[in-house]
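Chain and residue survey
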Amino acid sequence: MIGWIADLAKFKEKEIKIEFPIKVKELLNIKEIDEIDEERIIVLINGKPATLETKVKNNDNVVVMPVIGGG
Amino acid sequence: MKGWNGKILRIDLSANKVTVQEYDEKLALDFIGGRGFAIKILWDELEPGVDPLSPKNKLVVAAGPLTGLPLPSSGKLVVAAKSPLTGGYGDGNLGSMAANHLRRAGYDAIVIDGAAEKPVYLYVEDEKVEILSAEDLWGLGTFDTEKKLKEKHGKNIGILSIGQAGENLVRYAVIRSQEGRAGGRPGIGAVMGSKKLKAIVIKGTKEIPLADPEELRKLGREAYNDIKGRPNYDFWIRQGTMAVHVWCQENSVLPTYNFREGVFEYADKINGDVMEKLKVARYGCPNCNMQCGNMNPDTEGRQAEMDYENVGLLGSNIGLADLKQIATLIWMADNYGIDTISLGSVIGFTMEASEKGLIDEKVEWGDFEKAKELVEKIAFRKGIGDLLAEGVKRISEKIGEESKDWAMHIKGLEISAYDCHYAPGMALSFGTSPIGAHHKDAWVISWEIKVGRDAYTKDKVDKVIEFQRIRGGMFESLVTCRLPWIELGFELEWYAKFLKAATGVTLTLNDLYTVGDRIYALIRAFWIREYEGKWNRNMDTPPARWFKEPLTKGPFAGKKLDFDGFQKLLSWYYESRGWDERGIPHKETFEKLGLSYVATELEKYVKLS
């Protein structure tokens, strides 16, 4: 997790073992997640663009970061 | 007219003359304000080919119809002139109490012509306008200049000033305000210095005429609350733009060793988390409830403002891995009034030139003491500083052809803090930015990473243009800050409502984007009139390093830009804008935008298609 996403999710990095594929959204555990326009969030799974709805399997590398403005 | 004051203050420093120009509604509706007013004035009034550092150049300070109103982040103005760095149109925006006071003094812009014989500053208090001696201020840094002016005129004023760099005509000197704000990267501070104008002091005491003051205040209150309630507000307040540092490192776009790499081995020593721990205060622009000026102590115990761009260029780009040392370089640059982005690029370029034996001076990567020495030499144009004060394009031309590939500029303006080896859309954004390689107009990189970095597709071009319309067109002419929108997700629809309440005029976002296109076409015309036959599409193409030398570190080692792919994006960009293969607007495009008079004038210089 990067930037304010990490701040809201309250973690930067962790390894999670999952029983069956779950959505990225469920990994995050951010209570405000539905207030945030998905256009403002970048999801990469194994380096490839994905969404909060994409399902994650074991051994996937998931990066979630904000769309930012860059000053 | 409501919302607009309808008046431009005109100062001729050569003749010591002050006049007030009343302008008509057409200017307001066609160009809105800020950047729009600046380019219209410079196009209409500047003699083509004029030396930017001669009295014939004009300095424009322009606000817009939302500037200074009780609306989020509206305390901003635009400073513009023909750029001594690029030879084209140059501008920048900065937050300043001068923006609010300018509007409350009854003006929307100030245009300064000519040059004084001895140092002066301008004092404006409503109708009272004086050109006063600045002999006791000349030679001072920007912090002391502000302090002295406040001692003299009281605290309730707005100040724009230059430091020693502007006085000494450093080609990337900026204008400063509020002990922390800077604007005018393409040497607008040097233009001010060439006019022997040390500062502009404004005190305005009037009400800005509004179409519906009650509605405006109501919208303002709602908007401030909306911004404060955004989920990432708290994090923004803590880290501001410095949050971008981790993001850039993670995505391999952090400028490192003069843009050779996109990752820095010591990035975690100088990122937003470290800044947050060292933070001692927060400053910002007027009317803003998300102030981004985070202050860290430097090596001397002074407070320096830590923004991402500053730290990107004066940190990893010169191999420096200590945040306090970076803070010292920032403090010095701010005090002298030097643009930190161009400065970091110049120092990085000098380090590489030294490594390759192209200059006699020995300057190693990450050498803090040497970097400090260079900053001072640049500000005073001492020794090698006289050459370095010219910017990377000119330094490269002087030290030899082989350095051209890694002179990291576009159109003469040093590239801001995003490496584009693996970001073709962002490379296009830098390439087509109307002042040279600056991030302000279309920061597309975030969106690009979201949708896929490998593609050279038309949707990237469309996104660059969309951002340019919003950021470079709308925000730069309204003039308010873009950060509530882009950083916190504050919706654009608010701005059409603000404008309606302020002016009574109904303009949709699409209408505002058309104004943006008009501004872009006119800025382009300005460049082409200056460059005439020398204008070609290479002017919009990034330096060869990104095409020829792949990244060697990080997860994206081996990646580089594809030259043909970039040219394809550029051609699509021209086509979408109604410009020809040289990047020159078609006659028809000018006509559609109500700029037939521009086409007629431009045909004296180039053949239009």
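What you see as residue numbers is a count from 1 along each chain, following the sequence as written. In the order they appear in the text, chains get letters beginning with A and ligands get numbers beginning with 1. Thresholds applied to this predicted model are a pLDDT of at least 70 for local features of residues and 80 or more for the giving and counting of side-chain atom pairs; totals over whole chains, interfaces and linings are not thresholded and use all residues. To get the side-chain values, all heavy atoms of the structure are used, and hydrogens and water are removed first.

Further remarks concern the domain arrangement of chain B. All names here are of chain B. Structurally, chain B comprises domain 1 (7–203), domain 2 (240–418) and domain 3 (420–489 + 508–609). Here the C-alpha centre of domain 3 lies 27 Å away from the C-alpha centre of domain 1. For the pair domain 1 and domain 3, the summed buried area comes to about 2,900 Å², and 64% of that belongs to carbon and sulfur atoms. Should a side-chain nitrogen of Lys or Arg be within 4 Å of a carboxyl oxygen of Asp or Glu, the pair is scored as a salt bridge. Remark: the boundary between domain 1 and domain 3 carries three salt bridges. Domain start and stop points were drawn from an automatic or database domain assignment. Defined here as a combined quantity, buried area equals the accessible surface (1.4 Å probe) lost by two parts on assembly, summed across both.

On to the side chain of Lys440 of chain B. All names here are of chain B. Helix and strand labels come from DSSP, where a helix needs a run of H or I of at least four residues and a strand needs a run of E of at least two; each type is numbered from the N terminus. One can find Lys440 in the loop between α17 (424–432) and α18 (445–451). Pairs of N or O atoms within 3.5 Å make up the polar contacts considered here, provided that, within protein, one atom can donate a hydrogen while the other can accept it, and that residues adjacent in sequence are counted only when both atoms are side-chain atoms. A polar contact of 2.9 Å, which involves the side chain of Lys440, links it to the side chain of Asp91. Aside from chain neighbours lying at most four places away, what touches Lys440 is Arg35, Asp91, Gly92, Asn93, Ile435, Arg471, Glu476 and Arg482. The contact criterion used throughout is that any non-hydrogen atoms of two residues lie within 4.5 Å.

Residues and elements named next belong to chain B. Ranked by internal contacts, the top residues of the largest apolar core, which has 184 residues, are Tyr89, Trp247 and Ile338. Element by element, the count of residues in this core is highest for helix α22 (residues 509–531), at 14 residues. Not counting residues up to four positions away in its chain, the partners in contact with Ile338 are Ala165, Tyr172, Ala173, Val174, Ala333, Leu343, Val375, Ile378 and Ala379. The term nonpolar core refers to a set of buried residues drawn from Ala, Val, Leu, Ile, Met, Phe, Trp, Tyr and Cys, joined through side-chain atoms within 4.5 Å. Only protein chains enter the accessibility calculation, which uses a 1.4 Å probe. A residue is then buried if its area is under 20% of the maximum for its type, exposed if over 50%, and partly exposed in between. Counting 31 residues, the second-largest nonpolar core is a separate cluster that includes Ala81, Val129, Val191 and Met192.

Moving on to the sheet that holds strand β5 (residues 89–95) of chain B. All names here are of chain B. Any two strands with at least two DSSP-identified bridges between them are counted as paired. Taken in spatial order, the six strands make up an open sheet running β2-β1-β6-β3-β4-β5, and their pairing is mixed. Both outer strands of the open sheet, β2 (17–22) and β5, are each paired with one neighbouring strand and no more. If you compare each strand with its neighbour and ignore which way they point, the axes differ by 20° on average. Two strands pair when backbone bridges link them, and strand β1 (residues 7–12) and strand β6 (residues 109–113) are joined in this way by five bridges, in the parallel orientation. Bridge pairing in β6 places Leu9 opposite Ile110. Working convention: axes come from line fits to C-alpha atoms, limited for helices to the stretch in contact. Angles between N-to-C directions cover 0 to 180 degrees. Along the sheet, helix α2 (residues 34–45) makes contact with β1, β3 (59–62), β4 (76–82), β5 and β6, crossing β4 at roughly 20°.

Residues and elements named next belong to chain B. In the contact formed by helix α13 (residues 340–355) and helix α14 (residues 368–380), the axes pass within 11 Å of each other and the chain directions differ by 120°. With respect to each other, α13 and α14 are oriented oblique. Every pair of crossing elements has a handedness; the one defined by α13 and α14 is right-handed. Where α13 abuts α14, its residues Leu343, Val346, Ile347 and Thr350 lie against Ala371, Leu374, Val375 and Ile378. Throughout, the term roughly parallel applies to angles under 35 degrees, roughly antiparallel to angles over 145, roughly perpendicular to angles from 65 to 115, and oblique to all others. Take the far helix as the reference: if the near one is turned anticlockwise from it by less than a right angle, the crossing is left-handed, and if turned clockwise, right-handed.

Residues and elements named next belong to chain B. Topologically, Val464 is positioned in helix α19 (residues 458–478). Look at Val464 and you get buried, because its relative accessible area is 0%. In the structure, Val464 is positioned 17 residues away from Trp447 in sequence and 9.9 Å away in space, judged by C-alpha atoms. The contacts of Val464, once residues within four sequence positions are left out, are Gly425, Leu428, Ser429, Thr432, Ala442, Val444 and Tyr573.

On to the interface of chain B and chain A, then. With 28 residues of chain B at the interface, the matching set in chain A holds 24 residues. Between chain B and chain A the total buried area reaches about 2,100 Å² when both faces are included, carbon and sulfur atoms providing 58% of it. The residue Asp273 of chain B makes a salt bridge to Lys12 of chain A at a minimum N-O spacing of 2.5 Å. Sorting the residues of the side of chain B that touches chain A by element identifies α8 (233–239), α9 (244–250), α18 and α20 (483–488) of chain B as the ones contributing at least two each. Residues are grouped as follows: Ala, Val, Leu, Ile, Met, Phe, Trp, Tyr, Cys and Pro are nonpolar; Asp, Glu, Lys and Arg are charged; all remaining types, including Gly, are polar. Looking at the side of chain B that touches chain A, its residues break down into twelve nonpolar, seven polar and nine charged.

Moving on, we get to the environment of Leu478 of chain B. Residue and element names in this part refer to chain B. Tracing the backbone through its elements, the reader meets Leu478 in helix α19. Look at Leu478 and you get buried, because its relative accessible area is 0%. For the pair formed by Leu478 and Gly36, sequence separation is 442 residues and the distance between their alpha carbons is 9.1 Å. Those residues in contact with Leu478 that lie beyond four places of it in its chain are Ile32, Gly64, Pro65, Leu66, Thr67, Tyr495 and Leu499.

Another aspect to go through is the pairing of strand β8 (residues 128–133) of chain B. Residues and elements named next belong to chain B. Here six bridges tie strand β7 (residues 120–125) to β8, and the two strands are oriented antiparallel to one another. When the bridges of β8 are listed, Leu122 appears paired with Ile131. Counted between consecutive antiparallel strands, the loop separating β7 from β8 contains two residues, among which Asp126 sits at a positive phi close to 50°.

We now examine the sheet that holds strand β2 (residues 41–45) of chain A. Pairing between the strands of a sheet is mediated by backbone hydrogen bonds and can be parallel or antiparallel. All names here are of chain A. Across the sheet, which stays open at both edges, the three strands sit in the order β3-β2-β5 with antiparallel pairing between neighbours. Two strands close off the open sheet at either side, each with one partner strand: β3 (48–50) and β5 (62–66). Recorded for the sheet is a direction-independent mean angle of 35° between the axes of neighbouring strands. Of the strand pairs in this sheet, β2 and β3 are connected by three bridges, and their pairing is antiparallel. Considered in β3, the bridge of Ile45 is made with Lys48.

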